[in-house]
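Chain by chain, the residues:
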Amino acid sequence: QQPVQSPQAVILREGEDAVINCSSSKALYSVHWYRQKHGEAPVFLMILLKGGEQKGHDKISASFNEKKQQSSLYLTASQLSYSGTYFCGTEPKLSNDYKLSFGAGTTVTVRA
Amino acid sequence: AAGVIQSPRHLIKEKRETATLKCYPIPRHDTVYWYQQGPGQDPQFLISFYEKMQSDKGSIPDRFSAQQFSDYHSELNMSSLELGDSALYFCASSLGTAKLNYGYTFGSGTRLTVV
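Description of the structure in this document. (Residues numbered from 1 in each chain as written. Chains lettered and ligands numbered in written order. Predicted model: local features only at pLDDT ≥ 70, side-chain atom pairs only at ≥ 80, totals over all residues. Heavy atoms only, no water.)

**A short note on the overall build of chain A**
Keep this limit in mind: Secondary structure is summarised from DSSP: a helix means a run of H or I of at least four residues, a strand means a run of E of at least two, and numbering begins at the N terminus for each. The globule rule is 2.2 Å times the number of residues to the power 0.38, and the radius of gyration it is compared with is taken over C-alpha atoms. Residues are treated as being in contact if the distance between any of their heavy atoms lies within 4.5 Å. Note that accessible areas follow from Shrake-Rupley with a 1.4 Å probe, and for residues the cover is restricted to the protein chains shown. Under this rule, positive means Lys or Arg and negative means Asp or Glu; His and the chain ends count for nothing. Positions of charges follow a simple convention, taking NZ of Lys, CZ of Arg, CG of Asp or CD of Glu.
For chain A, the helix and strand inventory stands at zero helices and 11 strands. Across chain A, helices and strands are ordered from the amino to the carboxyl terminus as β-β-β-β-β-β-β-β-β-β-β. In terms of overall dimensions, chain A is globule-like: its C-alpha atoms have a radius of gyration of 13 Å, near the 13 Å expected for 112 residues. Counting contacts in chain A only where the partners sit at least 6 residues apart, residues at least 24 apart contribute 55% of the total. A total accessible area of about 5500 Å² is found for chain A, and carbon and sulfur atoms account for 49% of it. Each charge class in chain A was averaged separately, 12 positive and 9 negative side chains, and the resulting centres sit 4 Å apart.

Shown next, in the form of structure tokens:
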């Protein structure tokens, strides 16, 4: 089942921060985050495997709350290059399938 | 570094025609996934292969079929094309499927337009 992302879109000025949330109705094994620029392929940012895990990629970081089946992506001191659509991909814990289901995406626009 | 190669990049077909999309995964990646992405939509899982065997199947129409060959490249065959098949088709590869400890690497996609 598809995870739910929020917000759908966010507009930032350079240097501002934003948070993107991803939640699932199923217990999760992993949460992935990808960024896709218009007309391009999604690019892998990070994977979170354990509850409470936090990771960072430049000034983009994420956390995973396993109990709440939620993950959040934090964009800190945003740069113009952060613009794009961010997708979370989730893999359920109790499952024999190994594919990711993606959320509907959050479009981030960073303006100068 | 080698990436996932998809061909062709763009394809225009008429209704009821057939299309074949190709995907060459990153060397040593043993798993290939196919996703369909409509305009403004999230990627929708179609089918995946692990070690040349189909490992999972999603919302793939019966008109579509796919396989993974001995060299690990994969082909998505689409027949009796419909206007609604127009989309960006991504192939992604990863290392292993025993619960995904690795991210996907996506190819640049094939943009299929059915007219």
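**Focus: the pattern of salt bridges**
Keep this limit in mind: Salt bridges, as used here, are contacts in which a Lys or Arg side-chain nitrogen is within 4 Å of a carboxyl oxygen on Asp or Glu.
With the rule as written, the count across this model stands at five salt bridges over all chains. Here A:K93 makes a salt bridge to A:E66, at a shortest N to O gap of 2.5 Å. On the criterion of sequence distance, the pair formed by A:K93 in the loop between strand 9 (84–92) and strand 10 (101–102) and A:E66 in the loop between strand 7 (60–65) and strand 8 (70–75) is long-range, its members being 27 residues apart. Between B:R63 and B:E82 there is a salt bridge; the shortest N-O distance is 3.4 Å. In this pair, B:R63 sits in the loop between strand 6 (53–57) and strand 7 (64–68) while B:E82 sits in the loop between strand 8 (74–78) and strand 9 (87–94), placing the two residues 19 residues apart along the sequence. Put simply, B:R63, B:E82 and B:D85 are held in one network by salt bridges that share partners.

**Brief notes about the sheet that holds strand 3 (residues 19–24) of chain B**
All names here are of chain B. Which entries qualify depends on this criterion: Two strands are said to pair when DSSP picks up at least two bridges between them. Whenever a helix is involved, its axis is fitted only over the stretch in contact; in every case the axis is a line through C-alpha atoms, and angles between N-to-C directions fall within 0 to 180 degrees.
Spatially, 1-3-8-7 is the arrangement adopted by the four strands of the open sheet, whose pairing is antiparallel. If you trace the sheet from one side to the other, it starts and ends with strand 1 (5–7) and strand 7, each paired once. Between one strand axis and the next, the sheet turns by 15 degrees as a mean value, whatever way the strands run. Alignment of strand 7 against strand 8, held across five bridges, turns out to be antiparallel. Pairing of A66 across the sheet is with L76, part of strand 8.

**Details of the packing of aromatic side chains**
The line we're drawing: Any two rings among Phe, Tyr and Trp, with Trp reduced to its six-membered ring, count as a pair given centres within 6.5 Å; such a pair is stacked if its planes are under 30 degrees apart, edge-to-face if over 60, and tilted if neither. For the exposure calls, accessible area comes from a 1.4 Å probe over protein chains only, and a residue counts as buried if that area is under 20% of its type's maximum, exposed if over 50%, partly exposed in between.
For the structure on display, the rule yields 13 aromatic pairs over all chains. Here the aromatic rings of A:Y34 and B:F106 are separated by 5.6 Å at their centres, their planes lie at 90 degrees, and the arrangement is edge-to-face. Placement of the pair is A:Y34 in strand 4 (residues 28–36) and B:F106 in strand 10 (residues 105–106), with the two residues belonging to separate chains. Neither A:Y34 nor B:F106 differs from the other in exposure class; each is buried. Put simply, the rings of A:Y34, A:F44, A:F87, A:F102, B:Y33, B:Y35, B:F45, B:F90, B:Y104 and B:F106 pair up and form one aromatic cluster.

**Considerations on the environment of B:A19**
Residue and element names in this part refer to chain B. In this structure, A19 sits in strand 3. For the pair formed by A19 and N77, sequence separation is 58 residues and the distance between their alpha carbons is 5.9 Å. Not counting residues within four places of it along the chain, the set of residues in contact with A19 comprises L11, K13, L76, N77, M78, L81 and L112.

**Some points on unusual backbone geometry**
The omega torsion of the bond from A:S6 to A:P7 falls at -5 degrees, within 30 degrees of zero and hence cis. Here A:P7 shows up in the loop between strand 1 (4–6) and strand 2 (9–13). Going from B:S7 to B:P8, the amide bond is cis rather than trans, its omega being -10 degrees. Tracing the backbone shows B:P8 in the loop between strand 1 and strand 2 (10–13). Of note, B:Y72 is a non-glycine position whose phi angle comes to about 75 degrees, a positive value. Residue placement: B:Y72 occurs in the loop between strand 7 and strand 8.

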